[in-house]
Amino acid sequence: MKSGTPAPAPQRSIRVSAAVITDAEGRLLVVRKAGTTAFMQPGGKPEPGESPSQTLSRELAEELGVAVAPDDLRALGSFRAAAANEPGHVVVADVFAADIGVQQPAIGAEIAEMRWVSRADVDHVEIAPLAREHFLPHTPVERRHASSEEHA
């Protein structure tokens, strides 16, 4: 790095637990929290002493009125992406598959809107980077376009 060139500011991380909930058509359930524009996976930040699965179980009950026990969540891993609503931050999410069975999610605490989205909705709905990059894979056309740009 040249002297006099400022180092890039470190990105601050936000730790959350997030759910992958799909319907029979393979669509992903996303929510938009009040005061935000991007749709994201249901979930949130932990309370003191909570494990990631306990956090998600609580958040699903608060946000969507669905009951999923922490032991019934299937860990998918930890994922990173740019935070949708907090510039300069990165979301580090412990992500779990959540089977809600026949329960019907309903808008609850903090939630302004919810939708079931598919890959086809990416161009029409603002979807947070975490969901868009990791849980709504690129379509073959997008992959072909990105690939041709890399070789240009």
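Just so you know, these numbers come straight off a predicted model, no measurement behind them. (Residues numbered from 1 in each chain as written. Predicted model: local features only at pLDDT ≥ 70, side-chain atom pairs only at ≥ 80, totals over all residues. Heavy atoms only, no water.)

Draft legend 1. How the structure looks around the overall build of the protein chain. What the protein chain contains, in helices and strands, is three helices and six strands. Going residue by residue from the N terminus, the α and β elements of the protein chain occur as β-β-β-α-β-β-β-α-α. Considering the protein chain as a whole, with its 152 residues, one finds that 39% of them fall into the buried category. On the protein chain, roughly 9000 Å² of surface is accessible, and the fraction owed to carbon and sulfur atoms is 52%. (Helix = DSSP H or I, 4+ residues; strand = E, 2+ residues; numbered from the N terminus. Buried < 20%, exposed > 50% of the residue type's maximum accessible area, 1.4 Å probe, protein only. Areas by Shrake-Rupley, 256 points an atom, 1.4 Å probe, with all protein chains shown as cover.)

Draft legend 2. Local environment of the sheet that holds strand β3 (residues 43-44). The four strands lie next to each other as β3-β1-β5-β4, forming an open sheet whose pairing is mixed. Bordering the open sheet on either side are β3 and β4 (74-82), each of which pairs with just one other strand. Judged from the eight bridges that link them, β4 and strand β5 (residues 89-97) form a sheet pairing that is antiparallel. For S78, the partnering residue across the bridge sits in β5 and is D94. Helix α1 (residues 52-64) contacts β1 (12-20), β3 and β5 of the sheet and is inclined by roughly 65° relative to β1. (Pairing = 2+ DSSP bridges. Contact = heavy atoms within 4.5 Å. Axes fitted to C-alpha atoms, helices over the stretch in contact; angles between N-to-C directions.)

Draft legend 3. Spotlight on the layout of surface pockets. Approximately 410 Å³ is the volume attributed to the largest pocket. V16, K33, M40, N85 and V91 are, among the 24 residues lining the largest pocket, the residues nearest its centre. Elements that contribute at least two residues to the lining of the largest pocket include exactly β1, β3, α1 and α2 (129-134). By residue number, the principal contributor to the lining of the largest pocket is β1, which donates four residues. Grouping the amino acids of the lining of the largest pocket by side-chain chemistry returns twelve nonpolar, six polar and six charged. (1 Å grid on protein atoms, 1.4 Å probe; cavity = no way out; pocket = protein on both sides within 12 Å on 5 of 7 lines; lining within 4 Å. Points joined across faces, edges and corners; volume = space filled by probe spheres on them. Nonpolar A, V, L, I, M, F, W, Y, C, P; charged D, E, K, R; others polar.)

Draft legend 4. Spotlight on the pairing of β5. Counting buried positions along β5 gives nine out of nine residues, so the element sits mostly inside the fold. With burial as the criterion, each face of β5 is covered, one bearing H89, V91, A93, V95 and A97 and the other bearing V90, V92, D94 and F96. Bridge count between β1 and β5: nine bridges; the pairing is parallel. By the bridge assignment, I14 is partnered in β5 with V91.

Draft legend 5. Structural view of the pairing of strand β2 (residues 28-33). For β2, a buried count of six out of six residues is recorded, marking the element as mostly surrounded by other parts of the structure. The two faces of β2 match: L28, V30 and R32 on one face and L29, V31 and K33 on the other face are all buried. Here six bridges tie β2 to strand β6 (residues 111-117), and the two strands are oriented antiparallel to one another. Each bridged residue has a counterpart across the sheet, and for V30 the counterpart in β6 is R115.

Draft legend 6. Spatial organisation of the nonpolar core. Of all hydrophobic cores here, the largest spans 21 residues; its most connected members are L28, A93, V95, I127, L130 and F135. At the level of secondary structure, the elements contributing two or more residues to this core comprise β1, β2, β4, β5 and α2. Aside from chain neighbours lying at most four places away, what touches A93 is V16, A18, G77, S78, F79 and L130. Core analysis: the second largest hydrophobic core is formed by 14 residues, V31, V66, V68 and F96 among them. (Core = buried A, V, L, I, M, F, W, Y, C linked by side-chain atoms within 4.5 Å.)

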